[in-house]
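If you want the building blocks of each chain, they are given just below.
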Amino acid sequence: MTVTRSPVLVDSEDVAWFRDQPEAARGAAAALGRRIGLDEQRTAQLVLAVAELAGNLTKHAVDGSLLLRVVRTHAESGAEARAGVGVTAGVEVIAVDSGPGMADIPAALRDGMSTSGTLGIGLGAVQRLADSFDIHSRPGTGTIQLARFWPRPAPPAASGEPAVAGVTRPISGEQTCGDAWAARTDSGSPPAGRGRTPAAGPRGGEAPAYGVSGDGRPSWSDLTNPLSHQMRPTVPRHAGARPETPGRPGPGEARTIQAGAVATGRSAPVRAASPGGGEGLLVMSCDGLGHGPQAALAAQAAVQAFRTATGRTPEKVMEDVHRALRGTRGAAVAIARLEPDGRLLFCGIGNITAALVTTAARTTLMSHPGIVGHQMRQLRTYEAQLPSAGVLVMHSDGLSERWSATDLAGLLHHPPAVLATGLLRQAGTRRDDASVVIARTPR
């Protein structure tokens, strides 16, 4: 199949979660809109939408959280990326809760609909104000809402939904997350450097100060979060394979979690893997060792190396990431390449869970023990076929593996960011940094 248009991709940064005080997100949204250059009217519209979503969480939801983050489009060409032009920043808002859920979503989106008699603008107005809006709700499970706001005039990316999206969430008590994800297209040309986070030096470098990001800019996530930053001693955990337990497959085994998985979803090792025709999509999931600023430093170095790597296959890109993480704590890393015909190449080191998921089956891809940046055995690439209606899921061990294809069946037709948020709600823990990234074939 010939690809006539590159898949829509956006990067996300400045992630801030509001859980105990979702109403604090209103002021943070105003500050964020101004910082990225939204005009006064667009910033006001963003604030109205955030106030409505946060108010609904406070009045109706169980265990509600609101996520604010900057999203940036990719430059259309390498020349634009090198010149620092062709990139547009917007704001993405995700509201998620664990109940009670909505029995009638169309009714909830009608103007004037209110179950509490308040004068809120209503979800219908949020839908109209946002460039992109999506909602998934299930009684007894909860609701996920996504709204994305771009400046005017809106960039071309506003007309499509990203082929890849993920969410990250720090361990309770921390403001910095040691997990990260990234995606880029590959058409055979060397990638232009899009990263704004410097790679770690030969000795790893010092952790950034509170309120300052890794590249010396003020950290919006720290400065606008209502909780004070607390530095904690970090006990490194092994980023390699989990200990084997009775009844659970070990890290060296191919693991087919869902019975009856389609044959096209199974993976097989391949030597000297080469990229196929058409434009491929490279996706990375990274879990820095431990948590806190030093784990975040390793994850940021991995993202920078991934974005600028010249390799076209997961194995080659992994080698570049491995070199970049020397001098850091290291990380567990998984990298996949998706191609227009559904062909998938995968290479994983450490305990990143990766799976092909359809409405009926979940088939896990094999990773091998090791710590990227410190010790890796010989890299191995696996090839599989992603069904047209399926998705690639990769997540860190901040999520339990005790989820099935049926848990995601009702979410598969929603945008990747909504799907990732749903899995985080379903399987995430607050005892560790957590991240999920979802990718669809760039057809």
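Quick caveat, the model's predicted, so the values are computed rather than measured. (Residues numbered from 1 in each chain as written. Predicted model: local features only at pLDDT ≥ 70, side-chain atom pairs only at ≥ 80, totals over all residues. Heavy atoms only, no water.)

Colleague: Before we go on, may I ask you to explain the overall build of the protein in this structure?
Modeller: Of regular secondary structure, the protein possesses 10 helices and 18 strands. By the burial criterion, 56% of the 443 residues in the protein qualify as buried. A separation of at least 24 residues holds for 76% of the contacts in the protein among residues at least 6 apart in sequence. Accessible area for the protein stands at about 18200 Å²; split by element, carbon and sulfur atoms hold 51% of it. (Helix = DSSP H or I, 4+ residues; strand = E, 2+ residues; numbered from the N terminus. Buried < 20%, exposed > 50% of the residue type's maximum accessible area, 1.4 Å probe, protein only. Contact = heavy atoms within 4.5 Å. Areas by Shrake-Rupley, 256 points an atom, 1.4 Å probe, with all protein chains shown as cover.)

Colleague: Sorry, what's going on with the packing of aromatic side chains here?
Modeller: For any pair of aromatic rings, the description rests on two quantities: the centre-to-centre distance and the angle between the ring planes. Counting across every chain of the model gives zero aromatic pairs. The ring centre of Phe 306 lies 5.4 Å from the NZ or CZ of Arg 184, which sits over that ring. Taking the ring centre of Trp 403 as reference, the NZ or CZ of Arg 362 above it sits at 3.9 Å. (Phe/Tyr/Trp six-rings, centres within 6.5 Å; stacked < 30°, edge-to-face > 60°. Lys NZ or Arg CZ within 6 Å of the ring centre and 35° of its normal.)

Colleague: Help me understand unusual backbone geometry, please; the structure alone is not making it clear to me.
Modeller: Geometrically, the link from Gly 99 to Pro 100 is a cis peptide bond, its omega value of 5 degrees lying close to zero. By the element assignment, Pro 100 lies in the loop between strand 3 (89–96) and helix 4 (105–108). Backbone torsion omega between Arg 152 and Pro 153 reads 0 degrees, so that peptide bond is classified as cis. Residue placement: Pro 153 occurs in the loop between strand 5 (142–149) and strand 6 (164–169). Although it is not a glycine, Asp 14 adopts a positive phi angle of roughly 50 degrees.

Colleague: Looking at this structure, how should I read the packing of helix 7 (residues 293–308) against helix 8 (residues 314–324)?
Modeller: Geometrically, a packed helix pair is captured by the angle between its two axes and the distance between the axes. Between helix 7 and helix 8, the least distance of the axes is 9 Å, while the angle of their chain directions is 140 degrees. It follows that helix 7 is oblique to helix 8 by the angle criterion. Crossing of helix 7 over helix 8 shows right-handed handedness. When helix 7 is examined against helix 8, the residues Ala 301, Ala 302, Ala 305 and Phe 306 are found in contact with a partner set consisting of Val 317, Asp 320, Val 321 and Ala 324. (Axes fitted to C-alpha atoms, helices over the stretch in contact; angles between N-to-C directions. Parallel < 35°, antiparallel > 145°, perpendicular 65-115°, else oblique. Left-handed = near helix turned anticlockwise from the far one by under 90°.)

Colleague: How should the sheet that holds strand 4 (residues 132–138) be read in this particular structure?
Modeller: The pairing of strands in a sheet happens through backbone hydrogen bonds and is either parallel or antiparallel. The antiparallel open sheet is built from five strands, whose spatial order is 1-2-3-5-4. Each having just a single partner strand, strand 1 (10–18) and strand 4 make up the two edges of the open sheet. Geometrically, the sheet is characterised by an average inter-axis angle of 15 degrees between neighbouring strands, direction not taken into account. Bridge count between strand 3 and strand 5: six bridges; the pairing is antiparallel. In the strand pairing of strand 5, Val 91 is matched with Phe 149. Against the sheet, helix 2 (residues 40–60) makes contact with strand 2 (65–73), strand 3 and strand 5, and its axis sits at roughly 10 degrees relative to strand 3, the strand it touches most. (Pairing = 2+ DSSP bridges.)

Colleague: Explain the packing of helix 1 (residues 25–36) against helix 2 here, please?
Modeller: Interaxial distance between helix 1 and helix 2 falls to 9 Å at its minimum, and their mutual angle equals 155 degrees. Overall, the two elements helix 1 and helix 2 adopt an arrangement that is roughly antiparallel. For the pair helix 1 and helix 2, the sense of crossing is right-handed. Each of Ala 25, Arg 26, Ala 29, Ala 30, Gly 33 and Arg 34 in helix 1 lies in contact with helix 2, whose residues at this interface are Thr 43, Leu 46, Val 47, Val 50 and Ala 51. Looking at side-chain class alone, the contact of helix 1 with helix 2 contains seven nonpolar, two polar and two charged residues. (Nonpolar A, V, L, I, M, F, W, Y, C, P; charged D, E, K, R; others polar.)

Colleague: Explanation requested: helix 2 in the structure shown.
Modeller: Because an α-helix completes one turn every 3.6 residues, residues spaced three or four positions apart along the sequence face the same direction. Compared with an ideal rise of 1.5 Å per residue, which puts 21 residues at 30 Å, helix 2 spans 30 Å between its outermost C-alpha atoms and is within 8% of the ideal. Looking at the packing, one finds that the buried side of helix 2 touches helix 1, strand 2, strand 3, helix 5 (123–129) and strand 5. The N-capping residue of helix 2, defined by a side-chain oxygen 3.3 Å from the backbone nitrogen of Gln 41, is Asp 39. (Expected span 1.5 Å × (residues − 1). Polar contact = N/O pair within 3.5 Å; in protein donor to acceptor, adjacent residues only side chain to side chain.)

Colleague: Can you help me understand the confidence of the model for the protein in this one?
Modeller: Low-pLDDT portions of the prediction should not be read for the details of their coordinates. On average, the protein scores 82 in pLDDT, and the residues at 70 or more come to 77%. In this model, residues 193–264 is a region of pLDDT below 50 whose contacts with residues beyond four sequence positions or in other chains number 152 contacts. (pLDDT = per-residue confidence, 0-100.)

Colleague: Please clarify how the nonpolar core should be interpreted in this entry.
Modeller: Proteins that are soluble and globular tend to have nonpolar side chains buried together. Among the nonpolar cores identified, the biggest contains 31 residues, and Leu 46, Leu 66, Leu 68, Val 91 and Val 93 are the most heavily contacted of them. Among the secondary structure elements, those contributing two or more residues to this core are strand 1, helix 1, helix 2, strand 2, strand 3, helix 5, strand 4 and strand 5. Looking at which element gives the most residues to this core, the answer is helix 2, with six residues. Leave out the neighbours within four places in its chain, and Val 91 touches Leu 32, Ile 36, Leu 38, Leu 46, Leu 68, Arg 69, Val 71, Ala 147, Arg 148 and Phe 149. Ranked by size, the runner-up nonpolar core spans 28 residues in total, among them Ile 94, Val 167, Val 357 and Leu 419. (Core = buried A, V, L, I, M, F, W, Y, C linked by side-chain atoms within 4.5 Å.)

Colleague: Looking at this model, I keep getting lost on the sheet that holds strand 6. Mind explaining?
Modeller: Taken in spatial order, the five strands of this open sheet run 6-18-17-12-13, and their pairing is antiparallel. Among the strands making up the open sheet, the edge pair consists of strand 6 and strand 13 (362–364). Here the strands of the sheet are splayed against their neighbours by 20 degrees on average, with no regard to which way each runs. Relative to strand 18 (residues 434–439), strand 17 (residues 391–395) runs antiparallel, the two sharing four bridges. Bridge pairing links His 395 to Val 436 in strand 18. In this fold helix 10 (residues 416–427) packs onto strand 6, strand 17 and strand 18, with an angle of close to 35 degrees to the strand it touches most, strand 6.

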